[in-house]
Amino acid sequence: VVLGTATSTLDATGEVTGTWDMSGVTAEAMAAAARDLTGPILQVPPMVSAVSVGGRRLHDLARAGIEIERAPRPVTLHRLLTFPTSDPLVHRLEVECSSGTYVRALAADLGTALGGGAHLRALRRTAVGPFTEARAVPLDQVAQGHLLYPLAAVEHLDRVVVDVETTALVGHGTVMTGQRLGVQGGGPWAVTDGDGRLLAVYEDHGGGRVKPAVVLPTA
């Protein structure tokens, strides 16, 4: 994150929209601002994003020079650590966040919290769920032995095994009660049959009901 410069895209590719003298921001101040942003927060999606508003992608509107109001969305920062670098205006972040979090917007929010502006210079994703860089394989090195069964993709989710009758309902994407599916809590859940095949991923639908987020073909 680069302090002192805001951009139109919230990252280094955009046009500069504002500058501030933030050379006096200390590592302690940066860490304190990060602590204030840790946990559940509301975040406004950047104009340069794939979010749809009124049937149009925000990035398409941005390219046309149009900026519109965006409703803030709830996201969660489970962990947000900051580290100073040899450049007093550049700080490195480590972020563990919920799906849908925009790290570019987070960089801008940190700049605002510190009395100025900021933008994201570089971003590296180091994990998605249980899949870390240590488990990654370069595309040109992928072999048959690297392929995983679908269940491996959701190994971090709570798992529920259903009977034959419920398997048929799940296969049709049926919305049902959590009790019928045999789950409780907030989900999501990996739904398998008695043979261990992944049938679907179900999520909370409110009112004690659950719905499929995705249903896999079984044939």
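Structure: above.
All of the points below concern the structure found in this document. Just so it is clear, the structure is predicted and the values come from calculations on it, not from any experiment.

Looking at the overall build of the protein chain
- Helices and strands together make up the secondary structure of the protein chain, namely five helices and 16 strands.
- Sequence separation of at least 24 residues holds for 55% of the intrachain contacts in the protein chain that already meet a minimum separation of 6.
- As presented, the protein chain carries roughly 13,400 Å² of accessible surface, and 53% of it is formed by carbon and sulfur atoms.

Observations regarding empty space enclosed by the protein
- Per the counting criterion, the structure on display carries one cavity of 30 Å³ or more.
- Approximately 30 Å³ is the volume found for the largest cavity.
- For the largest cavity, the full set of lining residues is Gln-43, Val-44, Pro-45, Arg-73, Val-75, Gly-100 and Tyr-102.
- By residue class, the composition of the lining of the largest cavity is four nonpolar, two polar and one charged.

What to know about the layout of surface pockets
- Roughly 1,200 Å³ of internal volume is contained in the largest pocket.
- Taken together, 30 residues form the lining of the largest pocket, with Val-95, Val-103, Leu-123, Arg-124 and Arg-125 sitting closest to its centre.
- Ranked by residues supplied to the lining of the largest pocket, first place goes to strand 8 (residues 91-97) with seven residues.

Brief notes about the sheet that holds strand 14 (residues 189-192)
- Spatially, 12-14-15-16-13 is the arrangement adopted by the five strands of the open sheet, whose pairing is mixed. Strands with a single pairing partner mark the edges of an open sheet, and in this sheet they are strand 12 (158-161) and strand 13 (176-177).
- Note that strand 14 and strand 15 (residues 198-206) share four bridges and pair antiparallel. Residue pairing across strands places Thr-192 opposite Leu-198, the latter belonging to strand 15.
- Across the sheet, helix 4 (residues 164-171) touches strand 13, strand 14, strand 15 and strand 16 (209-215), and the angle it forms with strand 15 is around 75°.

With respect to the packing of aromatic side chains
- With the rule as written, the count across this model stands at zero aromatic pairs.
- Sitting over the ring of Phe-83, Arg-92 keeps its end group 4.4 Å from the ring centre.

Quick word on helix 4
- Those residues of helix 4 that fall on the buried side of the exposure criterion are Thr-166, Thr-167 and Val-170. For helix 4, the angular spread of buried residues about the axis comes to 110°, placing them on one side. Exposed side chains of helix 4 directed beyond 90 degrees from the buried face belong to Val-164 and Glu-165.
- Each element contacted by the buried residues of helix 4 is listed here: strand 13, helix 5 (178-181), strand 14, strand 15 and strand 16.
- Capping the start of helix 4 is the job of one residue whose side-chain oxygen sits 3.3 Å from the backbone nitrogen of Glu-165: Asp-163.
- Gly-173 sits one or two residues past helix 4 and shows a positive phi near 65°.

About the cut-offs
- Residues numbered from 1 in each chain as written.
- Predicted model: local features only at pLDDT ≥ 70, side-chain atom pairs only at ≥ 80, totals over all residues.
- Heavy atoms only, no water.
- Helix = DSSP H or I, 4+ residues; strand = E, 2+ residues; numbered from the N terminus.
- Contact = heavy atoms within 4.5 Å.
- Areas by Shrake-Rupley, 256 points an atom, 1.4 Å probe, with all protein chains shown as cover.
- 1 Å grid on protein atoms, 1.4 Å probe; cavity = no way out; pocket = protein on both sides within 12 Å on 5 of 7 lines; lining within 4 Å.
- Points joined across faces, edges and corners; volume = space filled by probe spheres on them.
- Nonpolar A, V, L, I, M, F, W, Y, C, P; charged D, E, K, R; others polar.
- Pairing = 2+ DSSP bridges.
- Axes fitted to C-alpha atoms, helices over the stretch in contact; angles between N-to-C directions.
- Phe/Tyr/Trp six-rings, centres within 6.5 Å; stacked < 30°, edge-to-face > 60°.
- Lys NZ or Arg CZ within 6 Å of the ring centre and 35° of its normal.
- Buried < 20%, exposed > 50% of the residue type's maximum accessible area, 1.4 Å probe, protein only.
- Arc of directions from axis to C-beta.
- Polar contact = N/O pair within 3.5 Å; in protein donor to acceptor, adjacent residues only side chain to side chain.

Honestly, that's just the spatial picture; any functional story needs more than this.
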